[in-house]
Amino acid sequence: MKKTKTLKSMAVMLAFALLLGGCGNGGGETTEAPAESAESTEAVSQAEGSEQGDAQPTTGEGKVIEVVAKGFQHQFWKAVYQGAQQAADQYGATMTFQGPKNETAIQEQVQMLANAINKKPDAVALAALDTKASLDLLNQAKDANIPVIGFDSGIPDAPEGLVVATAATDNEAAAAIGAEKMFEALKSKMEAAAEGQPVRIGVVSQEVNSASISGRTKGFIDKYVELSKALPNVGDKVAVVGNDKFKAGDEATAVVVIDLAVPAQVTDAEGQTQAQTLLNKQDLIGIFGSNEFGAKAIINANNALGGVVGEGKIVAVGFDSGKIQIDAIKNKTLFGSVTQDPVSIGFNAVEMAIKASNGETVEDVDTGAVWYDSTNVDSEEVKPLLYE
């Protein structure tokens, strides 16, 4: 930029000096300043072009971006797709979006990733179900100079250099919001809990392998344990049961028990069964669903049991969105929920993929999370983040 201004200034000064010299010849005759040399004109042109180029908007014209998600079974992924397509349309790129039948179909996703890389696209965006299963393909993409962008849960623990950047929610922090809200609603019952009369908090988690859902499960449990231990009547008498990955403490002596249920298969029927088992426990006072699937399972189980969840009953908190969950919040069956911004996740993933394919520097983007309940579900702040 300095070089441009210097060249421009020299050209102007030279012209001005020559003009003054011409005026000094007398007779009021003026002498035109000679044209700048081709060399100097070219130098100024190149400098100006460089300066303008710095401000040129990103373009995706002719770019092909392959997006491999975790699935299509939830409305969440359809919203992510919408955002991805918006970015592709805005930048003029071609985008292909695909995902396996469900979030346990690791090998199916790996094959989709292999097919995507073999097409030699300009960039790939991936929400990995299993990082280890994708490592060979990620190395293949790197060797082929195909930048890889992580999104949603990203590509956790991938070796340095294989993933350029990630567009994702901090899932642990997001789920902690749900734990805090539930704890506030149940604080009087938590304070009244005593040894021999424990209280139980249920968690319905779709699975415990993917980073996003596992992170939410951990974030909720960790925050609820932290808040519970701060109560004088609880202290260290907290136990986590139901799944070996998160198991902690001694249920026999616990004042607060966090009970994690994970279905053997990702089906509505199995999810409902797991949620119903928790809701049938007499000491259960709260229940959390770690994603749309988990929240839906709780709502379906509640309907089957005739309504044990709601105001003055068991406090239920969800995550993500979907029509069933939104309706349950509006009628106050669910106390509230935590939403990501799925459209933003998809948009940022494709936008960063396009920029990376152009050689531009991109950095991780935290797409955030927001609490919503019956008081703000239709607000201008929340409504755009929800999908049905």
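Since the structure is predicted, the reported quantities are computational estimates derived from the model, not experimental observations.

A. Focus on the pairing of strand 2 (residues 94–98). Two elements, strand 1 (residues 64–68) and strand 2, share 5 bridges in a ladder whose sense is parallel. Residue pairing across strands places Glu 66 opposite Thr 96, the latter belonging to strand 2.

B. Main features of the sheet that holds strand 11 (residues 336–339). Across the sheet, which stays open at both edges, the 7 strands sit in the order 7-8-6-9-10-11-13 with mixed pairing between neighbours. Single-partner strands in this sheet number two, and they are strand 7 (238–241) and strand 13 (370–372). This sheet shows a mean twist of 15 degrees between the axes of neighbouring strands, independent of strand direction. Pairing of strand 7 with strand 8 (residues 256–261) involves 4 bridges; the strand directions are parallel. Residue pairing across strands places Val 238 opposite Val 256, the latter belonging to strand 8.

C. View of the packing of aromatic side chains. Applying the stated criterion to the full structure yields 9 aromatic pairs. Relative to Phe 97, the ring of Tyr 81 has its centre 5.4 Å away and its plane inclined at 80 degrees; by these criteria the two rings are edge-to-face. Placement of the pair is Tyr 81 in helix 3 (residues 75–91) and Phe 97 in strand 2, with a sequence separation of 16 residues. Overall, the relative accessible area of 33% leaves Tyr 81 in the partly exposed class. Residue Phe 97 is classed as buried on the basis of its relative accessible area of 10%.

D. Main features of helix 8 (residues 268–279). The end-to-end C-alpha distance of helix 8, which contains 12 residues, comes to 16 Å, matching closely the 16 Å that a straight helix rising 1.5 Å per residue would cover. Taken together, the buried positions of helix 8 are Gly 271, Gln 274, Ala 275, Leu 278 and Leu 279. The buried residues of helix 8 occupy an angular sector of 140 degrees when projected down its axis, which confines them to one face. Here the buried face of helix 8 lies against strand 6 (199–204), strand 8, strand 9 (284–289) and helix 9 (292–304).

Calculation rules
All residue numbers here refer to positions counted from 1 along the written sequence of the relevant chain. Local features in a predicted model are, by the rule used here, given only for residues with pLDDT of at least 70; side-chain atom pairs are given and counted only at 80 or more, and totals for whole chains, interfaces and linings are based on all residues. In computing side-chain values, all of the structure's heavy atoms are included and hydrogens and water are not. For two strands to be treated as a pair, DSSP must find no fewer than two bridges joining them. Numbering of helices and strands runs from the N terminus, with a helix taken as a DSSP run of H or I at least four residues long and a strand as a DSSP run of E at least two residues long. Only the stretch in contact is used when a helix axis is fitted, and all axes are lines through C-alpha atoms; the angle between N-to-C directions ranges over 0 to 180 degrees. Classification of ring pairs uses Phe, Tyr and Trp, with its six-membered ring standing for Trp, and accepts pairs whose centres are within 6.5 Å; under 30 degrees between planes counts as stacked, over 60 as edge-to-face, and the remaining range as tilted. Type-normalised accessible area, obtained with a 1.4 Å probe on protein chains alone, sets the label of each residue: buried when under 20%, exposed when over 50%, and partly exposed for intermediate values. Helix span is expected to be 1.5 Å times the residue number reduced by one. This arc is built from the directions going out from the helix axis to the C-beta atoms. Contacts are assigned to residue pairs that have any heavy atoms within 4.5 Å of one another.

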